Amino acid sequence: MSKAAEIDIVSVSKIYGTTTAVDTISLKIPAGTYCCLLGPSGCGKTSTLRMIAGHETISSGDIRLGNTVVTDFPPAKRGTAMMFQSYALFPHLDLVDNVGFSLKMKGVARDERRTKALAMLTLMQMEAYASRRPAQLSGGQQQRVALARALITDPEALLLDEPLSALDPFLKIRMRAELKKLQTSLGITFVHVTHSQEEAMALADLIVVMNDGRIEQAAHPRAVFERPATAFVARFMGDHNVISGRVTKSVGGLVSFDIPGGISLSAAGKAEAGAPLDIGIRTDRVRISDNPAPGFGFTGIVSNIEYRGASVKISVTGAGIDDFTVITSDQAFFENPVSVGEAIPLAWDINDAIILGRLDS
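An unreviewed UniProt entry lists the protein chain under the name Putative spermidine/putrescine transport system ATP-binding protein, from Phyllobacterium myrsinacearum. The Sequence similarities (unreviewed entry) field of the UniProt record for the protein chain holds the comment "Belongs to the ABC transporter superfamily." In its Subcellular location (unreviewed entry) section, the UniProt record describing the protein chain reads: "Cell inner membrane".

Trainee: Looking at this model, I keep getting lost on the domain arrangement of the protein chain. Mind explaining?
Mentor: Where interface size is given, it is often the accessible area lost as the parts come together that is meant. Examined at the domain level, the protein chain breaks down into domain 1 (7-226) and domain 2 (239-356). Distance between the C-alpha centres of domain 1 and domain 2: 40 Å.

Trainee: Teacher, can you tell me more about the pattern of salt bridges here?
Mentor: Side chains that differ in sign of charge can pair as their charged atoms come close. With the rule as written, the count across this model stands at 15 salt bridges. Taking the shortest distance from any N to any O, the salt bridge between R144 and E178 comes out at 2.8 Å. Residue R144 is found in helix α5 (residues 139-151), and its partner E178 is found in helix α6 (residues 169-186); the two are separated by 34 residues along the sequence. Using a relative accessible area of 9% as the deciding quantity, one classes R144 as buried. Where R176 meets E198, a salt bridge forms, and the shortest distance between an N and an O atom there is 3.4 Å. Within this pair, whereas R176 is found in helix α6, its partner E198 is found in helix α7 (residues 197-203), the two being separated by 22 residues in sequence. Overall, E198 belongs to the exposed group, its relative accessible area being 51%. Salt bridges sharing common partners tie together R222, E226, R282 and D284.

Trainee: I would appreciate a short explanation of the sheet that holds strand β4 (residues 60-65) in the present structure.
Mentor: Each strand in a sheet pairs with another by means of backbone hydrogen bonds, the pair being arranged parallel or else antiparallel. The 4 strands are arranged β2-β1-β4-β5 in an open sheet whose pairing can be described as antiparallel. The sheet is open, and its two borders are formed by β2 (19-29) and β5 (68-69), each paired with just one other strand. Strand direction decides the pairing type here: strand β1 (residues 7-16) and β4, joined by 5 bridges, are antiparallel. Within β4, the residue paired with S13 across the bridge is S60. Together, β1, β2 and β4 form the strand contacts of helix α1 (residues 45-53), whose direction differs from that of β1 by roughly 115 degrees.

Trainee: When you look at the side chain of T325 in this model, what are you seeing that I'm missing?
Mentor: Inspection of the secondary structure assignment puts T325 in strand β18 (residues 321-329). The class for T325 is buried, based on a relative accessible area of 11%. Excluding residues within four positions of it along the chain, T325 makes contact with N241, T283, V286, K313 and I314.

Trainee: In this structure, what is going on with the pairing of strand β7 (residues 157-161)? I would like to understand it.
Mentor: Working note: regular strand, side chains alternate between the two faces of the sheet. With 5 of its 5 residues buried, β7 lies for the most part within the structure. On β7, burial covers both faces: A157, L159 and D161 on one face and L158 and L160 on the other are all buried. Note: strand β6 (residues 80-83) against β7, 4 bridges, orientation parallel. For A81, the partnering residue across the bridge sits in β7 and is L158. Where β7 meets strand β8 (residues 189-194), 5 bridges bridge the pair, whose relative direction is parallel. Bridged to L158 within β8 is F190. A crossover connection joins β7 to the parallel β8 through α6; in handedness this β-α-β unit is right-handed.

Trainee: What is the right way to read α5 from this model?
Mentor: In an α-helix, one turn spans 3.6 residues; hence positions three or four apart end up facing the same way. A rise of 1.5 Å per residue sets the reference length of α5, with its 13 residues, at 18 Å; its end C-alpha atoms lie 18 Å apart and thus fit the reference within 8%. A large share of α5 lies buried, amounting to 11 of its 13 residues. Here α5 has its buried residues at G140, Q141, Q143, R144, V145, A146, L147, A148, R149, A150 and L151. Summarising the contacts, the buried residues of α5 are in contact with β6, α2 (95-99), α4 (110-123), β7 and α6.

Trainee: Looking at this structure, I do not really get unusual backbone geometry. What am I missing?
Mentor: Positive phi is not limited to glycine here, since Q125 has a value of about 55 degrees. Tracing the backbone shows Q125 in the loop between α4 and α5. Since its relative accessible area comes to 57%, Q125 is described here as exposed.

Trainee: Quick question: what am I supposed to make of the side chain of T33 here?
Mentor: Tracing the sequence through the fold places T33 in the loop between β2 and β3 (34-38). A relative accessible area of 9% places T33 in the buried class. A distance of 2.7 Å separates a polar side-chain atom of T33 from the backbone oxygen of P30. Not counting the four nearest positions on each side in its chain, T33 is found in contact with Q183, I188, T189, F190, D205 and L206.

Conventions used here
Residues numbered from 1 in each chain as written. Predicted model: local features only at pLDDT ≥ 70, side-chain atom pairs only at ≥ 80, totals over all residues. Heavy atoms only, no water. UniProt positions renumbered as here; feature names shortened; annotations may be inferred. Domains from an automatic or database assignment. Salt bridge = Lys/Arg side-chain N within 4 Å of Asp/Glu carboxyl O. Helix = DSSP H or I, 4+ residues; strand = E, 2+ residues; numbered from the N terminus. Buried < 20%, exposed > 50% of the residue type's maximum accessible area, 1.4 Å probe, protein only. Pairing = 2+ DSSP bridges. Contact = heavy atoms within 4.5 Å. Axes fitted to C-alpha atoms, helices over the stretch in contact; angles between N-to-C directions. Right-handed = clockwise from strand over helix to strand, strands pointing away. Expected span 1.5 Å × (residues − 1). Polar contact = N/O pair within 3.5 Å; in protein donor to acceptor, adjacent residues only side chain to side chain.

Encoded structure:
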């Protein structure tokens, strides 16, 4: 296998007519990293992937692979390989010819490309099906063939566009494990587009959360989960309550802020008086307790309860807070159950209220 390449995206934009799909993003993906581009539909993640691949022209900025600026290179000259969402296998060719097709286009002799194609099918545990056509395979098997076809070119980076979206939930989880194992054993850079937070958390060394053509946060999954950079990241990753208000004072490392039409709360940190403020509180760090430190809790009305087996999700509304979630263990809930319509006191620790940043607009 060829050496993995660092991917360096430098002030890259993509503009379609009057629409900016990708807005001046810069990102370094270290060599050998499993990177997931994560975000809602239309956030610019697929356009970014296609620009790395060379399937989409760059409106401004540069992309570097290793030491080479590849901005103007055609896809075949970049050292990347792309696996498409649809797999795009040729229905009339057997698996060996499907996998070896790109080598055929490069003029590699038939015996050599068949040998290489069989070796790739063996890597994917698909050698027993070598003489079959794609229509005779399951979705998971077709995916393995598409992976083999992408990897036969010996790329420095493999680009995957929502590769698991067509699979059923159980197969998704199995293929996730196989992708991670494959990336680790090959040691090459993987860039994987997904809108599934769970998929990104399970696979990535580096999660890049995108919104509206911009990068909101690029960090290790644990950092994205525990220290979301912005209110968008906290909401999109889930498992966080986001409360917005305006700063009333900032003294001794403690910021106090008022929620419109509601209560006053606090958070550790600094902020300008009068400035807008967003804080994030993990849903599993909130407890039902009537002795919060001042500014670190409120009383709310239970609006919904969902039993989830090992945990229970309690939805609460409070003064100026429409939607607040508490996740508690099933044991804790059934020892002290609450019911819809009940007023309950909530509290959290000072360290669990995180001040969220804002992107400059």
